[in-house]
Amino acid sequence: MNFKEFTEKIVLLVRERLGDTYKVTLTKVLKNNDIRLTGIVIMKESDSMSPTIYLEESYQRYQDGVSIQKIVEGIMVLYKAHARNLKLDMDFFRDFSLVENRICHKIINYEKNQELLQDIPWFRWHDLAVTFYYAMEEAAFGRASVVIHNNHLDMWGQSAEEIYRIARRNMRFRMPDVLLPMNKVLEEMLGTKVNKREMSLYVLTNRDKLFGASAMLYSEKMKLLAENLHTDLLILPSSVHEVLLLPDDHKQEYDHYRKMVQEVNTTQVDPEEILSFGLYRYDREKAEIQEIL
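As the structure is a computational prediction, the values presented were derived from the model and not from experiment.

Undergrad: Explain helix H11 (residues 254-267) to me, and be specific about the residues and the numbers.
TA: In a regular helix each residue adds 1.5 Å, so 14 residues correspond to 20 Å; H11 covers 20 Å between its end C-alpha atoms and thus fits that length. Buried within H11 are the following residues: Tyr254, Tyr257, Val261 and Asn265. Burial along H11 is one-sided: seen end-on, the buried residues are contained in an arc of 70 degrees. Turned more than 90 degrees away from the buried face of H11 sit Asp255, Lys259, Glu263 and Thr266, all of them exposed. Structurally, H11 contributes buried residues whose contacts are with strand E10 (232-239), strand E11 (242-248), strand E12 (279-283) and strand E13 (288-292).

Dropping the structure here:
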């Protein structure tokens, strides 16, 4: 079966299991960096929302020899697990006073998201775009978020400028910046001590490590690091979730770092999580971030 035939078969089998009380459909979803995914949506008539279960990974498992019946069973388990958390009535989302305290911002690649940017509020920042999302309640939804679209602004009667102002206010207490020496990050990952010579490299993210690259827009810790080191900082875009910082003496070979960013993006980072292939500098005297051209 090709992918289209596979997805249609999955829908048919799920419908057979659930019966006529459920609506089972396929949907196409445009994700970050122009990544397009196909998902299955399962809803009762009384449901106000439902998780989208993407099928690309399931198709890969099918190609690896997993039976389609086992894949359907896995989809049902996923749906039931998420459905327990989706009892929340999303009608509250219409009331701006109930959502404004959880509106946050993130940064994405400008060039790679031209189609997406036509449908959402955004502001240009170097080769990136500042966009917005609603952070769901952690207890019920984990790290789930809802992208804020232009029609949400129309529903709320809010401008993009006001949403940006609110998001900037929220980020400082909801997603405070976190700056860690790379050796500490590696120690957390590996569970063992790492040589301190890695101390000249730092990771900037936020407390939740979710869309943490946008901490560049408000980080006081980055400013303090530059002042403590008495130097500007070179910023390497690691992913939409974090950036790397190191001292910049303006004598370094930036092409070396560009190649490093290129290599990491193409071999280590999920395509949907790539931020940029460029470099940035935090100018200590001007207290601003510049794009290195």
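On we go from here.
Undergrad: Account for the pairing of E13, with residues named and values stated.
TA: With 5 bridges connecting them, E12 and E13 associate as antiparallel partners. Paired with Arg281 across the two strands is Gln290, which belongs to E13. Linking E12 back to E13 in an antiparallel pair, the connection comprises 4 residues, with Ala287 at a positive phi of about 55 degrees.

Undergrad: If you had to explain the pairing of strand E9 (residues 202-206) to someone new, which residues and values would you point to?
TA: In terms of residue burial, E9 counts as a mostly covered element, since 5 of its 5 residues are buried. Side chains Tyr202, Leu204 and Asn206 project from E9 onto one buried face, and the interleaved Val203 and Thr205 project onto a second face that is buried too.

Undergrad: Requested: an account of the sheet that holds strand E8 (residues 177-181), with residues and values cited.
TA: What the 6 strands build is an open sheet, ordered E8-E9-E11-E10-E12-E13; its pairing is antiparallel. Where the open sheet ends on each side, the last strands, each with one partner, are E8 and E13. Looking at each pair of strands side by side, their axes are set apart by 30 degrees on average, direction ignored. Its contacts with the sheet put H11 on E10, E11, E12 and E13, and the angle it makes with E10 is roughly 20 degrees.

Undergrad: Got a sec to walk through the packing of aromatic side chains? Specific residues and values, please.
TA: Considering all chains together, one arrives at 16 aromatic pairs under this definition. Here the aromatic rings of Tyr59 and Tyr62 are separated by 6.3 Å at their centres, their planes lie at 25 degrees, and the arrangement is stacked. Of the two residues, Tyr59 and Tyr62 are both situated in helix H2 (residues 56-63); the distance of 3 residues between them amounts to about one turn of the helix. Measuring from centroid to centroid gives 6.3 Å for Phe123 and Phe132, while their planes differ by 85 degrees, and the two rings are edge-to-face. It is Arg168 that lies over the ring of Tyr164; its NZ or CZ is 5.7 Å from the centre.

Undergrad: Can you break down the pattern of salt bridges residue by residue, with the values?
TA: Tallied over the full model, the rule gives 10 salt bridges. Residue Arg17 is joined to Glu73 by a salt bridge in which the shortest nitrogen-to-oxygen separation is 3.9 Å. Of this pair, Arg17 sits in helix H1 (residues 3-18) while Glu73 sits in helix H3 (residues 68-83), placing them 56 residues apart in sequence. Arg281 serves as the salt-bridge partner of Asp248, at 2.8 Å between the closest nitrogen and oxygen. Highlighted residues: Asp248 in strand E11 and Arg281 in strand E12, separated in sequence by 33 residues.

Undergrad: Please set out unusual backbone geometry residue by residue, giving values where relevant.
TA: Excluding glycine, residues mostly carry a negative phi; peptide bonds, for their part, are mostly trans. Not every positive phi belongs to a glycine, and Asp34 is a case in point at roughly 60 degrees. The topology assignment puts Asp34 in the loop between strand E1 (22-30) and strand E2 (36-44). For Asp34, a relative accessible area of 38% corresponds to the partly exposed category.

Undergrad: A description of H1 should follow, citing residues and the corresponding values.
TA: Compared with an ideal rise of 1.5 Å per residue, which puts 16 residues at 22 Å, H1 spans 23 Å between its outermost C-alpha atoms and is within 8% of the ideal. Buried residues of H1: Phe6, Thr7, Ile10, Val11, Leu13, Val14 and Leu18, and no others. Backbone nitrogen of Lys4 and a side-chain oxygen of the N-cap are separated by 3.2 Å at the start of H1; the cap is Asn2.

Undergrad: Got a sec to walk through the sheet that holds E2? Specific residues and values, please.
TA: Backbone-to-backbone hydrogen bonds pair the strands of a sheet. The strands run either parallel or antiparallel. In spatial order, the strands read E1-E2-E3; together these 3 strands make up an open sheet with antiparallel pairing. Bordering the open sheet on either side are E1 and strand E3 (52-54), each of which pairs with just one other strand. Averaged over neighbouring strand pairs, the angle between their axes works out to 30 degrees when direction is ignored. In terms of strand pairing, E2 meets E3 through 3 bridges, oriented antiparallel. In the sheet register, Ile40 faces E3, and the bridge partner there is Ile53. The strands that H1 touches are E1 and E2; relative to E1, the one it contacts most, it runs at about 150 degrees.

Undergrad: Give a detailed account of the side chain of Ser239, specifying residues and quantitative values.
TA: Position of Ser239 among the secondary structure elements: in strand E10. Within the structure, the side chain of Ser239 is placed 2.7 Å from the side chain of Glu242, a separation counted as a polar contact. Setting aside anything within four residues of it in sequence, one finds Ser239 in contact with Ala213, Val269, Glu273 and Leu275.

Here is what the cut-offs are and how they apply
Residues take numbers from 1 onward in each chain, read along the sequence in its written order. Confidence filtering applies because this is a predicted model: local features only for residues at pLDDT of at least 70, side-chain atom pairs given and counted only at 80 or more, and all residues used for totals across whole chains, interfaces and linings. The basis for every side-chain value is the complete set of heavy atoms in the structure, and neither hydrogens nor water enter the calculation. Going along the chain from the N terminus, every DSSP run of H or I of four or more residues is numbered as a helix, and every run of E of two or more is numbered as a strand. In this analysis, the expected span of each helix is defined as 1.5 Å times one less than the number of residues it contains. Exposure classes here rest on a 1.4 Å probe applied to the protein chains alone. A residue is buried below 20% of its type maximum, exposed above 50%, and partly exposed in between. To obtain the arc, one takes the directions from the helix axis to the C-beta atoms. Contact criterion: two residues are considered in contact whenever any of their non-hydrogen atoms come within 4.5 Å of each other. The pairing criterion is simple: DSSP has to find at least two bridges between the two strands. Lines fitted to the C-alpha atoms define the axes, with helices restricted to the stretch that makes contact. Angles between their N-to-C directions range from 0 to 180 degrees. Geometry of aromatic contacts follows a simple scheme: Phe, Tyr and Trp rings, the Trp one being its six-membered ring, pair when their centres are within 6.5 Å, and the pair is stacked under 30 degrees between planes, edge-to-face over 60, tilted otherwise. Put simply, a charge is over a ring when the Lys NZ or the Arg CZ is close to the ring centre, within 6 Å, and near the line of the ring normal, within 35 degrees. What counts as a salt bridge is simple: a side-chain nitrogen of Lys or Arg found within 4 Å of a carboxyl oxygen of Asp or Glu. Polar contact criterion, stated in full: a pair of N or O atoms within 3.5 Å, where within protein one must be able to donate a hydrogen and the other to accept it, and residues adjacent in sequence count only if both atoms are side-chain atoms.

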